[in-house]
Every structure is written in structure tokens, then in C-alpha cells.
Amino acid sequence: MAKIKLKRAQPHVDMTPMVDLFSLLLTFFMLTASFRPQEAKVIDSPSSVSEKATPDKDVISVLVSSDDKVFFSMDNGSDTSAHFRTKLITEINDLYRLKLTEKEITKFGQGSSFGMPMKSLKAFLNEEDANKKEAMQVGIPMDTVGDQYPELGIWVAYARELNPLAEVAINGDANANYKTVKKVMDVMQAGGVNKFNLVTNLQKEEAKPEDLK
Amino acid sequence: MAEIIENTGSGKKKGGRRAPKRMGAHIDMTPMVDLMCLLITFFMLTTAFSKPKVMEITMPEKDTDKEETEGPKVDAQRTYSILLSEDDRVFWYHHGAVPKDQTFPESITETDFSKDGLRKILLQKNEKVFTEIYELKEKVKKGELVLIEDSLNAQIKRIKKSDKKSPIILIKADEKTKYRSIVNVVDEMAICNIANYAIVDIAPEEVALIEKTPKK
């Protein structure tokens, strides 16, 4: 009987279909991805039936966290070369003498929402430690000091001046106090903003004639 | 494992003729698959599928100059107030035929955010507009009526405006109200197709009325 020479088989799985599938999935996810913007605080939005999508560009958003801190954020606009954030901070820097360096201004331009008084902005931008950064975010002051405008009002006013197309979105946590949200609205109304977009989650609900009875 | 079999005969050796080796070129795809897995996971986790929606509200303009401006004349018979307080409590009262100065009722009725609570009350007050819009929407749904979204919205708007007896809702929230209550109420206005509503400041008398009402 002939000896069968056992072939040392190197098992290999044909991975081509898998790779094909993966490529497809990857392409799909890459194309559909719209990244969640990094927010300063996790906001649990209340739900509503509204189906109007949040505009992704030209928004001035004010976050109200569950512990009633207020954060401000502005995007760079639909024309990214406009660099609204950088312009905004440059203007505020000049006006309120924050003594920010070029580097800090660039850093601000790339950041997202922030919530601290103007005077601690410089320290915040230089802080590397995430925990300390978090502790610095005490919210933007909304009180009128002397004859000064509340800081939130200043930010919104300059942001609106730079980008007149911008809409104001209020992203409030479901558990935030209405008092804070009201104050935010009051500050904005003093600046001439009367239309607000409240950010909510979609939850379909419909009233039927049966509900009448 | 699959791997690239390197051709030992490199280009330098020009002299030696070699029979071209037949080889099934298979490339080791494992690292690529690894990387892809990682990327897919990353994208899956960072993608925000359900984009947040926005609810538009327009606040009544503030009188910046203290000048006493005559507000729009509102039929008190049509006006209802919804009061909000902590722990998602909701109250409502009918203004009734109040002549000029605002007077407050003796007591207010407590309700809740359920289907049989606030929604029922609002629907009953707004029955005509609601049924008209509902029938219109049903017709579009069933295909009896072909309308593009814009003209449907325009029609809904017209229906809302046409009823001169539809309720006018004033939403008032006290200091302890949570933000979600306000959103809930405004949402309820959208569900019930209320044409006229506004968020206004609460009067101290109304706060007292809320306090007077015993907790359920």
C-alpha cells in the first residue's frame, strides 16, 4: 500500500467576502457619520413631537445642564473659512483684555462649548488636566454686574453680529430648572432674540378624536 | 496562515533563467481585517443616528421702553391659563368674562400630563380646529387628497387661523418648575393643534393659588 504523504495543510480561510462586507460597512459608516459634537456636559434632552431637524451650521447654542450651569457654543458657520469662533474670541479678547496669546486663540477656535466667566477663560484654555478643566466650568454668568451687560449677553451679541444668519438653539436638560432657562431667554430677549429653537428628542405621539371622550 | 510568498529570484539576477513560479497569490488579510473591525466599531459608536430635533418657540417681545403699550385685545372667554409647578404639577383655569383688570379665580383645577389629563382638556376646548385638521390629515394619509407637504402645512395654518373661537392658552411657570414641564406643555400645544399660545410670566396671585391647592 502506498504511503499517503500527509500534506502539511496550512489552513487558511478565504477572507475575501468578509473583507468585502467590511469595506461596504466601513464606507457606509464613514459616509453617514455625523459626529456627536463633544459637549461640555451630557445633556438629556426632553422629548417632543417636533420633527424639525437641528440645523448643523449657523447655530449659536446655549446649553443648560441639569445642575443649572450655562454653556455657550458657536459653530464656524456653513462657510468654514469664516472662522467665526476665532473671530469671536479675538474680538472679545481685545474688548475685555483677556490677554490671550495666539495659541490660546487657536485653541478656542477648535474647541466646542465652554462655560466659565471670561476672566478664567485663559486658565481654562491652558489647563490640560480634564478633571481640573471640568471643575473650572462653573457656567457663564448671567447676572448684570453694575452697568455691564451679563456675560452671556455679550457672547450672544457678538456671535450674532459676526454671523447674522445664526439661529439660537437652547439645549436644556430635562431636569434643568425652568428658572435658569427663563433667565437665558431673558438675557437673549434683551439682546433682541425672540425666536428660540429648543433642542428635543423626537417622540412620536398623536392625538386621536377618541381622546376627546 | 495565508501569506505572500516572496519571489526569491529578485531582479538583480538577470542571468539565470527561471521558470516562472506559478503561485496563487494570496495576501495575508488579517491585519487589514483587524483594522477594519476597529474602524467599523469606532464609526458605529461615534455616529449619531437620531439627530436631535428642535422645537421652535417665539416669545412675546419684551417692552424695552417702559411705555405702557396696549397689548392685543384678547377675548377673556377664549383664554385659559395653564400653570406649572414643581414635580410636574399642572393646573389650569378659565379666565371667563373678565372685563379689564385681571382677576383671579377662587381655585384652580389640577390635572396631569397624561392622555386623559391636559390633552383631553385641550382637545375639548379646541375640538373644531383639531377635528378639521385631523380629517384633513386622514384624507391625505388615505390618498383621497393629494397634497404636497407645503400646501398641507399652509392649509393647517389656515384652519388654525379660521376659528375665531379657538382657545388662547397662556402658559405660566413658577420658580420651581423643571424645564421638561415647559417643553411638555408646548409639545401638548403642537399635538392638540392649538393655534394661539404664549409663555408668559406668572403673577404672584397665581403662585399663591398653586400653593393653596393641596397635593394629590
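Model, not experiment: these values are computed from the prediction.

**Q** Give me the overall build of chain B: which residues, what numbers.
**A** When you go through chain B residue by residue, the secondary structure sums to six helices and six strands. Reading the secondary structure of chain B in the N-to-C direction produces α-β-β-β-β-α-α-α-β-α-β-α. Buried positions account for 36% of the 216 residues belonging to chain B. Excluding contacts between residues fewer than 6 apart, the proportion of contacts in chain B whose partners are at least 24 apart in sequence is 66%. Summing over all exposed atoms, chain B offers an accessible surface of approximately 14200 Å²; the carbon and sulfur share of this is 54%.

**Q** Hey, could you go over the pairing of strand β5 (residues 167-172) of chain A for me, with residue numbers and the actual values?
**A** All names here are of chain A. Taken across its six residues, β5 has five buried, putting it largely inside the fold. Of the strand pairs in this sheet, strand β3 (residues 59-64) and β5 are connected by six bridges, and their pairing is parallel. Bridged to Val-59 within β5 is Glu-167. The parallel pair β5 and strand β6 (residues 195-202), bridged by helix α7 (residues 178-190), forms a crossover whose chirality is right-handed.

**Q** Give me the environment of B:Phe130: which residues, what numbers.
**A** Relative to the assigned elements, B:Phe130 resides in helix α3 (residues 127-142). Among the residues examined, B:Phe130 registers a relative accessible area of 2% and is labelled buried. Once residues within four sequence positions are removed from consideration, B:Phe130 is found in contact with A:Ala207, A:Lys208, A:Pro209, B:Leu123, B:Ile191, B:Cys192 and B:Asn193.

**Q** Explain the packing of helix α2 (residues 84-96) of chain A against helix α3 (residues 102-110) of chain A to me, and be specific about the residues and the numbers.
**A** All names here are of chain A. Running from amino to carboxyl end, α2 crosses α3 at an angle of 135°, the nearest separation of the two axes being 8 Å. In terms of their interaxial angle, α2 and α3 are classed as oblique. Along this stretch, α2 crosses α3, giving a crossing that reads as right-handed. Facing Arg-85, Thr-86, Ile-89, Thr-90 and Asn-93 of α2, the residues of α3 in contact are Ile-105, Phe-108 and Gly-109. Tallied by class, residues from the contact of α2 with α3 come to three nonpolar, four polar and one charged.

**Q** Before we move on, could you go through the interface of chain B and chain A and cite the residues and values that matter?
**A** Across the contact, 57 residues belong to chain B and 60 residues belong to chain A. It is B:Lys53, B:Val54 and B:Tyr179 in chain B that bury the most area against chain A; as a group they hold 16% of the surface buried on that side. Connecting chain B to chain A are four salt bridges. Among the salt bridges present, the one from B:Asp201 reaches A:Lys182, with a minimum N-O distance of 2.9 Å. Connecting chain B to chain A are 15 residue pairs in polar contact (both at pLDDT 80 or more). For the side of chain B that touches chain A, the elements supplying multiple residues, two or more each, are α1 (30-46), β1 (53-58), α2 (115-125), α3 and α5 (179-191) of chain B.

**Q** Residue-level account of the pattern of salt bridges, with values.
**A** With the rule as written, the count across this model stands at 15 salt bridges over all chains. Across the pair A:Asp67 and A:Lys69 runs a salt bridge, and its minimum N-O distance is 3.7 Å. For A:Lys69, a relative accessible area of 23% translates into the label partly exposed. Linked through salt bridges whose partners overlap, the residues forming this network are A:Lys52, A:Glu167, A:Lys195 and B:Glu56.

**Q** Account for the side chain of A:Asn93, with residues named and values stated.
**A** Structurally, A:Asn93 is set in helix α2. In this view, A:Asn93 contacts A:Leu98, A:Lys99, A:Leu100 and A:Ile105; residues no more than four positions away in its chain are not counted.

**Q** I'd like a rundown of the confidence of the model for chain A, residues and numbers included.
**A** Confidence along chain A averages 82 in pLDDT terms, with 95% of residues attaining 70 or more. Per-element confidence in chain A ranges from a low mean pLDDT of 80 for helix α5 (residues 130-136) of chain A to a high of 88 for β5(A).

**Q** Can you lay out the sheet that holds strand β4 (residues 109-111) of chain B for me, pointing to particular residues and giving the numbers?
**A** Residues and elements named next belong to chain B. Strand order across the open sheet formed by five strands is β4-β3-β2-β5-β6, with mixed pairing between neighbours. The two strands at the open ends of the sheet, each matched to only one other strand, are β4 and β6 (196-200). The sheet shows a mean angle of 25° between the axes of neighbouring strands, taken without regard to direction. Alignment of strand β2 (residues 79-85) against strand β3 (residues 89-94), held across six bridges, turns out to be antiparallel. Within the sheet, the bridge partner assigned to Ser-81 lies in β3 and is Tyr-93. Against the sheet, helix α6 (residues 204-212) touches β2, β3 and β5 (168-173), its axis set at about 65° to β2.

**Q** Lay out the nonpolar core in plain terms, naming residues and giving numbers.
**A** Among the nonpolar cores identified, the biggest contains 73 residues, and A:Phe72, A:Trp155, A:Phe196 and B:Ile82 are the most heavily contacted of them. If you tally residues by element for this core, the top one is α5(B), at seven residues. Counting 10 residues, the second-largest nonpolar core is a separate cluster that includes A:Met15, A:Leu26, A:Ala33 and B:Val33.

**Q** So what about a nonpolar patch on the surface? Which residues, and what values?
**A** Residue and element names in this part refer to chain B. Residues Leu-35, Leu-39 and Phe-42 make up a contiguous nonpolar surface patch of about 270 Å² in total accessible area. For Phe-42, the location among the structural elements is in helix α1. Phe-42 gets classed as partly exposed once you look at its relative accessible area, which sits at 43%.

**Q** I'd like a description of the packing of α2(B) against α5(B), backed by residues and values.
**A** All names here are of chain B. Where α2 contacts α5, the axes come no closer than 10 Å and their chain directions differ by 40°. Comparing their axes, α5 and α2 come out oblique. Read as a crossing pair, α2 and α5 show a hand that is right-handed. Across from Leu-118, Arg-119 and Leu-122 in α2, the residues of α5 making contact are Val-185, Glu-188, Met-189 and Ile-191. Classifying every residue of the contact of α2 with α5 gives five nonpolar, no polar and two charged.

Conventions and cut-offs
- Along each chain, residues carry numbers from 1 onward, in the same order as the chain's sequence is written.
- Each chain gets a letter, beginning with A, and each ligand a number, beginning with 1, in the order they are written.
- Local features in this predicted model are restricted to residues whose pLDDT is 70 or higher, and side-chain atom pairs enter the listing and the counts only when it is 80 or higher, whereas totals over whole chains, interfaces and linings include all residues.
- The basis for the side-chain values is all heavy atoms of the structure; hydrogens and waters are excluded.
- What counts as a helix is a DSSP run of H or I of at least four residues, what counts as a strand is a run of E of at least two, and both are numbered from the N terminus.
- Note on exposure labels: buried denotes an accessible area under 20% of the residue type's maximum, exposed denotes more than 50%, and partly exposed covers the range between, all computed with a 1.4 Å probe on protein chains only.
- Only heavy atoms matter for contacts: two residues are in contact if any of them lie within 4.5 Å across the pair.
- Residue exposure ignores everything except the shown protein chains as possible cover, and the areas themselves are Shrake-Rupley values with a 1.4 Å probe.
- If DSSP finds at least two bridges between two strands, the strands pair.
- If you view a crossover with the strands going away from you and the path from the first strand over the helix to the second runs clockwise, you call it right-handed.
- Think of each axis as a best-fit line through the C-alpha atoms, taken over the contacting stretch in the case of a helix, with angles from 0 to 180 degrees between the N-to-C directions.
- Angles are sorted into four bins: roughly parallel if under 35 degrees, roughly antiparallel if over 145, roughly perpendicular if 65 to 115, and oblique for all others.
- Whether a crossing is left-handed or right-handed is set by the direction in which the near helix is turned from the far one by less than a right angle, anticlockwise for left-handed and clockwise for right-handed.
- Residues are grouped as follows: Ala, Val, Leu, Ile, Met, Phe, Trp, Tyr, Cys and Pro are nonpolar; Asp, Glu, Lys and Arg are charged; every other residue, Gly included, is polar.
- By definition, the buried area sums, over both parts, the 1.4 Å-probe accessible area that each loses when the two are put together.
- Should a side-chain nitrogen of Lys or Arg be within 4 Å of a carboxyl oxygen of Asp or Glu, the pair is scored as a salt bridge.
- Distance and chemistry together define a polar contact, namely a pair of N or O atoms within 3.5 Å, with one atom able to donate a hydrogen and the other to accept it when in protein, and with adjacent residues in sequence counting only for side-chain atoms on both sides.
- How sure the predictor is of each residue is captured by pLDDT, a score from 0 to 100.
- Residues belong to one nonpolar core when they are buried, are Ala, Val, Leu, Ile, Met, Phe, Trp, Tyr or Cys, and are joined through side-chain atoms within 4.5 Å.
- Each patch is assembled from residues with relative accessible area greater than 30% and no salt bridge, linking like charges that lie within 9 Å and nonpolar side chains (Val, Leu, Ile, Met, Phe, Trp, Tyr) that lie within 5 Å.

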